[in-house]
Amino acid sequence: MKKIILMAGMAVLLTGAAHADEALAKSKNCMGCHVIDKKLVGPSYKDIAAKRAGEKGAEAALAQKIKGGSKNEWGNVPMPPNNVTEDEAAKLAKWVLSLK
């Protein structure tokens, strides 16, 4: 019984963290160009996670792209730099890479 309660509590905490990072993405206007499961202006978050799956250093590299922008990785439309802190970029990268 204790294991079930512990597992349920952990699930609630993990779900809360996932929602918090989605809220961060919304507050930083990331959702203006990206959505979780389909291409909008930029690739879907799930497509980004799939492309980076198993890539060594993916979280740090993605955080750098979130903060500094990128060009020619997903086509001709560049991603401009975003007004996020390093911590926010790391949280967003971790969240995006968790989406499968």
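Okay, so let's go over this structure. The residue numbers shown here count from 1 along each chain, following its written sequence. Per-residue local features of the predicted model are confined to residues with pLDDT of at least 70, and side-chain atom pairs are confined, for both listing and counting, to 80 or more; whole-chain, interface and lining totals are unaffected and use all residues. The basis for every side-chain value is the complete set of heavy atoms in the structure, and neither hydrogens nor water enter the calculation.

### Quick notes on the overall build of the protein chain
Then step 1. Note on conventions: DSSP H or I runs of at least 4 residues are helices, E runs of at least 2 residues are strands, and numbering of each starts at the N terminus. Tallying secondary structure elements over the protein chain gives 4 helices and 0 strands in all.
Then step 2. Helices and strands appear in the protein chain in the N-to-C order α-α-α-α.
Then step 3. Note on classification: 1.4 Å probe, protein chains only; a residue is buried when its accessible area is under 20% of the maximum for its type, exposed when over 50%, partly exposed between these limits. The buried share of the protein chain, reckoned over its 100 residues, is 27%.
Then step 4. Should any heavy atoms of two residues lie within 4.5 Å, those residues are considered in contact. The contacts of the protein chain with a sequence gap of at least 6 include a subset with a gap of at least 24, amounting to 46%.
Then step 5. Accessible surface area values rest on a Shrake-Rupley calculation with a 1.4 Å probe, where residue burial reflects the displayed protein chains alone. Surface exposure of the protein chain reaches about 6900 Å², of which carbon and sulfur atoms provide 62%.

### Some remarks on unusual backbone geometry
Then step 1. Here Asn-29, not a glycine, exhibits a phi torsion of approximately 65°, which is positive.
Then step 2. Position of Asn-29 among the secondary structure elements: in the loop between helix 1 (2-27) and helix 2 (45-52).
Then step 3. The phi angle at Asn-72 is positive, at roughly 60°, despite the residue not being glycine.
Then step 4. Along the polypeptide, Asn-72 turns up in the loop between helix 3 (58-68) and helix 4 (86-98).

### Some details on the nonpolar core
Proteins that are soluble and globular tend to have nonpolar side chains buried together.
Then step 1. By nonpolar core we mean a set of buried residues, namely Ala, Val, Leu, Ile, Met, Phe, Trp, Tyr and Cys, connected to one another through side-chain atoms within 4.5 Å. In this structure, Ala-25, Tyr-45, Leu-62, Ile-66, Leu-92, Trp-95 and Val-96 are the most contacted members of the largest nonpolar core, which totals 17 residues.
Then step 2. Mapped onto this core, the elements with two or more residues apiece are helix 1, helix 2, helix 3 and helix 4.
Then step 3. Element by element, the count of residues in this core is highest for helix 4, at 6 residues.
Then step 4. Apart from the residues within four sequence positions on either side, Leu-62 is in contact with Ile-48, Ala-93, Val-96 and Leu-97.

### Structural notes on the pattern of salt bridges
Then step 1. Here, a salt bridge means any side-chain nitrogen of Lys or Arg that lies within 4 Å of a carboxyl oxygen of Asp or Glu. Under the counting rule described, the total for this entry stands at 7 salt bridges.
Then step 2. Note that Lys-65 is salt-bridged to Glu-73, the shortest N-O span being 2.9 Å.
Then step 3. By relative accessible area, which is 26% here, Lys-65 ends up partly exposed.
Then step 4. Given a relative accessible area of 21%, Glu-73 falls into the partly exposed group.
Then step 5. Lys-91 is paired through a salt bridge with Asp-87; the nearest N and O atoms lie 3.4 Å apart. Of the two residues, Lys-91 and Asp-87 are both situated in helix 4; the distance of 4 residues between them amounts to about one turn of the helix.
Then step 6. The exposure class of Lys-91 is partly exposed, given its relative accessible area of 41%.
Then step 7. Classification of Asp-87 by relative accessible area gives partly exposed; the value is 47%.
Then step 8. The network of salt bridges with shared partners includes Lys-51, Arg-52, Glu-55, Lys-65 and Glu-73.

By themselves, these are just geometric observations and shouldn't be taken as functional.
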